[in-house]
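# A look at the structure
Residue strings, one per chain:
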Amino acid sequence: MRILGPVTDIPLGEGRTYEVDGEMVAVFRLRDGSVRALSAVCPHRGGPLADGQIDNKVLVCPLHLMAFDITTGCSLSGISDLTVYPVTVDADGHLVISSLTASEVPS
Amino acid sequence: MAPRLVVIGNGMAGARTVEEILSRGGDFDITMFGDEPYGNYNRIMLSNVLAGVEDESGIFLNDLSWYADNGITLHAGRRISRIDRFAKQVYAEDGTATPYDKLIIATGSRAFVPPIPGIHRPGRGYHQGVFAFRTLDDTRSMIRYAREHERAVVIGGGLLGLEAARGLQNHVSQVTLLHAMGHLMNTQLDAQAGAILQRSVEKLGIEVVCDAMTTEILGKHAVTGVKLSDGRVIDCDVVVVAAGIRANTEVAAASGLVVERGIVVDDQMRAQDEPDIYVVGECAQHRGETYGLVAPLWDQAKVLADHLTGRDPQAAYHGSRIATKLKVAGVDVASMGLKESDREDDETLVFSEPRKGIYKSVIIRDGRLVGATLVGDVKKVAFLMQAFDRGLALPEDRVELMFDLGGPPAEVSAAELADDAQVCNCNGVTKGTIAETVHGGCKTVSGVMDRTRAGKGCGTCKSLVAQIVEWAAGGAVEEDPKASWYVPGVPMPKPELMAAIRKYDLRSVSSVFAKLVPGGEEDAKSKMGLASLLKMMWGDRYIDERDARFINDRVHANIQRDGTFSVVPQMKGGVTTPAQLRRIAEVAEKHAVPMVKLTGGQRIDLLGIPKETLPKIWADLDMPSGYAYGKSFRTVKTCVGSDFCRFGVGDSTALGIALEERYQGIEGPGKMKLAVTGCPRNCAEAYVKDLGVVAIDGGRWELYVGGAAGAHVRKGDLLATVESPEEVITLTGRFLQYYRESANWLERTYAWVPRLGIEHIRAVVVDDAEGIAADLDAAMAASVAAYRDPWKERAEPATPGQFRTSLPLVVLPQVPVR
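Residues numbered from 1 in each chain as written. Chains lettered and ligands numbered in written order. Predicted model: local features only at pLDDT ≥ 70, side-chain atom pairs only at ≥ 80, totals over all residues. Heavy atoms only, no water.

To be explicit about the condition: UniProt positions are given in the numbering used here, feature names are shortened, and annotations may be inferred rather than shown by experiment.
An unreviewed UniProt entry annotates chain B as assimilatory sulfite reductase (ferredoxin) of Actinoplanes auranticolor. The UniProt entry for chain B carries this comment under Catalytic activity (unreviewed entry): "hydrogen sulfide + 6 oxidized [2Fe-2S]-[ferredoxin] + 3 H2O = sulfite + 6 reduced [2Fe-2S]-[ferredoxin] + 7 H(+)". Within the UniProt record for chain B, the comment given under Function (unreviewed entry) is "Catalyzes the reduction of sulfite to sulfide, a step in the biosynthesis of sulfur-containing amino acids and cofactors."

Looking up chain A in an unreviewed UniProt entry gives the name Nitrite reductase, with the organism given as Actinoplanes auranticolor.

Structure, rendered in structure tokens:
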């Protein structure tokens, strides 16, 4: 368990990158209020995914517009998938990431 | 035990066939016999070795370790003298016998040396100073000898002879090429093409004599000259014979195989009546043809490998259509099919420009290309080869077979394109991949583009992608309703969308999704287009949601491949000052900017800036943003105009600055690049801009619109000619506003102007036919008034972590500092 900081550090509908245990994790705050955490680097050409645009389902890399399912990390553009990390917002409004072992894909 | 495969011949054909067999997982115990004491080398490159542009080590295709690594027993330098077809053994000259289950003969060919008196010396091979040009050893001894001599004669004006002559120039001071026929390369070229090639070759300093029958090689101990049938004597001390090749068939003939000009084979490359003996390469004669080029040999090797490994036992070789593209002695030459028409109703096109060494001829029979010859200019060769090879339908304007005329390239019909033809050159997508995607159930153009990424680079191939989808779907292409929508996530074309936005007073991107999308679902790929539209419509009253912006618009800089950004300060009209340059230089030094680059839009680009450094750079620069990152008004390129230029007829610089002053940073459906040039010489490239202004004599100005010089090149259409700079400024604003209001998202003016038609645009913008000119002007004026320099947004971040790095563990920039 690790607290990354207040969820309000991330503007609604945007992403920010955090360094967790030597890994770069992009955390997104969706407009429906939920949060997602995925590997921060696009497997295509290394694009910074936290700079990408999102909706409630999809994340789009800013460099070549490769798209990913923001919940499962699955590529929608036929490239490698992203790793998904379990992240939640606690009662105090802090982002909590539990561990860096890749979680099961939520059903 | 694996069956024993013996290959006689370790040249390009033999080794290639073995490679093909191995790549199909063929399980054989392979033994190869080579005449030459080397691994397999690329014989075609020998002329490069002779010319000194390639060294010997560079031409080896398979060195000795390749044989060892693949478990192949190689007997290099051991010649086979006999095949016992009944005992299934081959005998080497040293008497050793090697048994086989399957045998491949790939003995290739040898140089043909005409029986000219004096060419040989009894018992000693060639006369001293006489060389053939076929093997690496030939080449080595030729180079060694030529270095110490002065004048060379090459006998034979075919491909090989020309290459030898060119290569020899590297070693001797004078080279004469003798050709027994009336013109050079007479097997591939007609007389006119041959003559033009001859001129080009002579320009290189090679003396050429055609109709030159060599009757004697002169010289007692060493060569001193050659004598021609007309009695002329040409002095020389080196003679190279390149008079053609002959198939090496002696061993086969002596062993009882059927031999004509080559060893006769069937469609499986099997020697006639021999179940276990195969032949590939130059020594094979298939359906009466022998081939001396490499492409047919690759085809044969594939067929034989398919057959032998059982991958496709029925694989059949049907002969090759010979199309070649070569650089012969430095001159581009391509030829395919017939060199001369032999039927009266053939269509023949010939273009000849001897002064430039260019010759083109095309022969069409029944609407299909049956022959083509190109000398000196082979730009059209790819299209011609494809048309020739696959029998494509030809353009109605036959001249397009020879030249690229202006305008869009002739479209290749989707059905006739080869499966492996690359359609999208940016993302490397083939026709086959697109067709597969369609067959997999994706039947909309945009769906296929999303899946395959075809058409998602520069976009020039989009119409071809659409045609292929249509073709692959067999007419069942599903109309993609999204194609008419302004953005893919909101089901409305632009006019309806704008009406609805006004009707419901929707002033934020999220409210548009909530109100106008069934289910209220947001769409990441639509946000940027909606943000642009709403900003244009509402100006100051737009509710800016930062997540709707693309990263470039969030941080007012253009993202680069490593996640850094580029910073381009405004430099109106491309005019700067020493003070401005000094400040830019100081900022670049202070922040160790990796690259400082002049842009095509006459500005200075600072590249490789980490996101977190952006506000500091802006503060240190204290210059307005040049908007080199947005779908927006970018820059106005100018020339020096009438102040300095002795040709300038209008003050283009001042007008360019005024335009940029007024319309800076205005967002739109696509980039807007402008230029003002002071005279029709067009130094500022105004004819190929979204809007270009050209000063003409008499104090008047022409406005061109819809030009482009990117992936798509288009000369703008003349919108109007006006009398004053003020009118230019007004019409520019009105034109840009009309574009902003009616163009689709990301539709540049070069597409939008032809879509609406220049007459229609002129009617609206210049003649006010729809009575909306005043509204357009007012809307533009409001946008101009709402302009704020985004680089002032630096003291306080607009959002938390606006300039925080998104790759904290990567040291940026990743480019080297220059």
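### What about the overall build of chain B?
Which entries qualify depends on this criterion: The secondary structure listing takes helices from DSSP runs of H or I that are at least 4 residues long and strands from runs of E that are at least 2 residues long, numbered from the N terminus. Contact definition: two residues touch when any of their heavy atoms are within 4.5 Å. Note on areas: these come from Shrake-Rupley sampling with a 1.4 Å probe, and a residue is covered only by the protein chains present in the view.
Within chain B, the regular secondary structure consists of 24 helices and 42 strands. With the principal axes as the frame, chain B shows a C-alpha extent of 100 × 65 × 65 Å. Sequence-distant contacts, at least 24 apart, represent 61% of the contacts inside chain B between residues at least 6 apart. Roughly 35,800 Å² of accessible area belongs to chain B as shown, and the carbon and sulfur atoms make up 50% of that amount.

### Notes on the overall build of chain A
This is how it is decided: As a reference, a globule follows 2.2 Å times the number of residues to the power 0.38, and the radius of gyration itself is taken over C-alpha atoms. Each residue gets one of three labels from its accessible area relative to the maximum for its type: buried under 20%, exposed over 50%, partly exposed in between, using a 1.4 Å probe on protein chains only. The sign given to each residue is positive for Lys and Arg and negative for Asp and Glu; His and the chain ends receive no count. By convention, charge coordinates are those of NZ in Lys, CZ in Arg, CG in Asp, or CD in Glu.
A tally of helices and strands in chain A yields zero helices and ten strands. Mapped in sequence order, the helices and strands of chain A form the string β-β-β-β-β-β-β-β-β-β. Relative to a compact globule of 107 residues, whose C-alpha radius of gyration would be 13 Å, chain A shows 13 Å and is just as compact. Counting across all 107 residues of chain A, residues that qualify as buried make up 52%. Nonlocal contacts in chain A, meaning residues at least 24 apart in sequence, comprise 37% of its contacts between residues at least 6 apart. Per element, the accessible surface of chain A, about 4,400 Å² overall, is 51% carbon and sulfur. Charge centroids of chain A, computed over 7 positive and 13 negative side chains, lie 7 Å from each other.

### So, the confidence of the model for chain A
Residues and elements named next belong to chain A. Note the cut-off: One confidence number per residue, pLDDT, is output by the predictor and ranges from 0 to 100.
Summarising the model, chain A shows a mean pLDDT of 90, and 92% of its residues fall at 70 or more. Within chain A, the element-level pLDDT minimum falls on strand 1 (residues 2-6), averaging 92, and the maximum on strand 5 (residues 53-54), averaging 97. Taken together, the stretch residues 102-107 has pLDDT below 50 and engages in seven contacts with residues farther than four places along the chain or on a different chain.

### Observations concerning the environment of A:Pro86
Among the structural elements, A:Pro86 can be located in the loop between strand 8 (84-85) and strand 9 (87-89). You can call A:Pro86 partly exposed: its relative accessible area is 26%.

### Quick word on the domain arrangement of chain B
Interfaces are frequently sized by the accessible area removed from exposure as the parts join. Residues and elements named next belong to chain B. Going by this rule: As used throughout, domain bounds are those supplied by an automatic or database domain assignment. Accessible-area loss on putting two parts together, using a 1.4 Å probe and summing over both, is the definition of buried area adopted here. Salt bridges are identified by distance alone: a Lys or Arg side-chain nitrogen within 4 Å of an Asp or Glu carboxyl oxygen. Distance and chemistry together define a polar contact, namely a pair of N or O atoms within 3.5 Å, with one atom able to donate a hydrogen and the other to accept it when in protein, and with adjacent residues in sequence counting only for side-chain atoms on both sides. Polar here means any residue outside two lists: the nonpolar Ala, Val, Leu, Ile, Met, Phe, Trp, Tyr, Cys and Pro, and the charged Asp, Glu, Lys and Arg; Gly therefore counts as polar.
Under the domain assignment used here, chain B contains domain 1 (4-110 + 247-309), domain 2 (120-243), domain 3 (323-401), domain 4 (414-484), domain 5 (494-549) and domain 6 (633-785). The C-alpha-based centres of domain 3 and domain 4 are spaced at 30 Å. On the side of domain 4, five residues touch domain 3, which itself brings four residues to the contact. By the criterion of area lost to domain 4, the three top residues of domain 3 are Gln386, Arg390 and Leu392, representing 80% of everything that side buries. There are zero salt bridges connecting domain 3 and domain 4. On inspection of domain 3 and its partner domain 4, the count reaches zero residue pairs in polar contact (both at pLDDT 80 or more). Residues belonging to the side of domain 3 that touches domain 4 are distributed by class as follows: two nonpolar, one polar and one charged.

### Re the UniProt feature "domain: FAD/NAD(P)-binding" (unreviewed entry) in chain B
Residues annotated in UniProt with the feature "domain: FAD/NAD(P)-binding" (unreviewed entry) correspond here to residues 4-289 of chain B. Taken end to end, residues 4-289 of chain B has its terminal C-alpha atoms 30 Å apart, with 22% of it in helix and 31% in strand.

### Let's talk about the packing of aromatic side chains
Aromatic ring pairs are defined here through the distance separating the ring centres and the angle between the ring planes. Worth spelling out the cut-off: Between rings of Phe, Tyr and Trp, where Trp is taken as its six-membered ring, a pair exists when centres lie within 6.5 Å; planes separated by under 30 degrees are stacked, by over 60 edge-to-face, and by other angles tilted. Charge over a ring is defined by NZ of Lys or CZ of Arg lying within 6 Å of the ring centre and within 35 degrees of the ring normal.
Taken as a whole and assessed by the stated rule, the structure comprises 17 aromatic pairs over all chains. A ring pair is formed by B:Tyr738 and B:Trp752, whose centres lie 5.6 Å apart and whose planes are at 70°; its orientation type is edge-to-face. Of this pair, B:Tyr738 sits in helix 21 (residues 725-742) while B:Trp752 sits in helix 22 (residues 749-756); the two residues are 14 residues apart in sequence, bridging distant segments of the chain. Relative accessible area serves as the criterion here: at 9%, B:Tyr738 is assigned to the buried category. Feature note: the residues B:Phe735, B:Tyr738, B:Tyr739 and B:Trp752 constitute an aromatic cluster, connected by ring pairs. Across the ring face of B:Trp471, the terminal group of B:Lys431 is positioned such that the distance to the ring centre comes to 3.9 Å. Just above the ring of A:Tyr18 sits the side chain of B:Arg804; from NZ or CZ to the centre is 4.8 Å.

### What about the state of the cysteines?
For clarity, the cut-off: For the purposes of this analysis, a disulfide is any pair of cysteine sulfur atoms at a distance within 2.5 Å.
This model, assessed by the stated rule, comprises zero disulfides over all chains. With no disulfide of its own, A:Cys74 lies 14 Å from the sulfur of A:Cys42, the closest cysteine sulfur.

### Examining the packing of helix 20 (residues 652-663) of chain B against helix 21 of chain B
Residues and elements named next belong to chain B. Applicable threshold: Angular values range over 0 to 180 degrees, each being the angle between N-to-C directions of two axes fitted as lines to C-alpha atoms, with helices fitted over their stretch in contact. Note on convention: near helix rotated counterclockwise from far helix by under a right angle means a left-handed crossing. Clockwise means right-handed.
In the contact formed by helix 20 and helix 21, the axes pass within 10 Å of each other and the chain directions differ by 35°. The interaxial crossing formed by helix 20 with helix 21 has right-handed handedness. Contacts between helix 20 and helix 21 involve Leu655, Ala658, Leu659, Arg662 and Tyr663 on the former and, on the latter, Pro725, Val728, Ile729, Thr730, Thr732 and Gly733. Here the contact of helix 20 with helix 21 is composed, by residue class, of seven nonpolar, three polar and one charged.

### Concerning the interface of chain A and chain B
Taken together, the 35 residues of chain A in the interface contact 35 residues of chain B. Between chain A and chain B the total buried area reaches about 2,800 Å² when both faces are included, carbon and sulfur atoms providing 52% of it. Per-residue buried area on chain A facing chain B is highest for A:Arg31, A:Asp51 and A:Gln53; these three make up 25% of the total on that side. Scanning the region where chain A abuts chain B turns up five salt bridges. For the pair chain A and chain B, the interface holds 16 residue pairs in polar contact (both at pLDDT 80 or more). Elements supplying a minimum of two residues to the side of chain A that touches chain B: strand 2 (15-20), strand 3 (23-29), strand 5 and strand 6 (58-60) of chain A.

### Considering helix 17 (residues 578-590) of chain B
Residue and element names in this part refer to chain B. Convention followed: Helices are assigned an expected span. That span is 1.5 Å times one less than the residue count. This arc describes the spread of directions from the helix axis toward the C-beta atoms.
Along its 13 residues, helix 17 runs 18 Å from first to last C-alpha, staying within 8% of the 18 Å computed at 1.5 Å per residue. Of all the residues in helix 17, the buried ones are Gln580, Ile584, Val587 and Ala588. Buried residues of helix 17 fall within an arc of 100° about the axis and therefore sit on the same side. The exposed set on the far side of helix 17, more than 90 degrees from its buried face, consists of Pro578, Arg582, Glu586, Glu589 and Lys590. Contacts made by the buried residues of helix 17 are with strand 34 (595-598), strand 35 (604-609) and helix 18 (614-621). Of the residues flanking the end of helix 17, it is Ala592, one or two places downstream, whose phi is positive at about 45°.

### What about the pattern of salt bridges?
All told, the structure shown has 46 salt bridges over all chains when counted by the stated rule. A:Lys57 serves as the salt-bridge partner of B:Glu521, at 3.3 Å between the closest nitrogen and oxygen. One end of the pair, B:Glu521, is in the loop between helix 14 (509-516) and helix 15 (524-538); the other, A:Lys57, is in the loop between strand 5 and strand 6, on a second chain. A relative accessible area of 44% places B:Glu521 in the partly exposed class.

### Examining the UniProt feature "binding site: siroheme" (unreviewed entry) in chain B
Residues and elements named next belong to chain B. Feature annotation in UniProt assigns "binding site: siroheme" (unreviewed entry) to the following positions: Cys683. Looking at the element boundaries, Cys683 is found in the loop between strand 37 (672-677) and strand 38 (691-696). Residues in contact with Cys683, not counting those within four places in the same chain, are Cys639 and Thr677.

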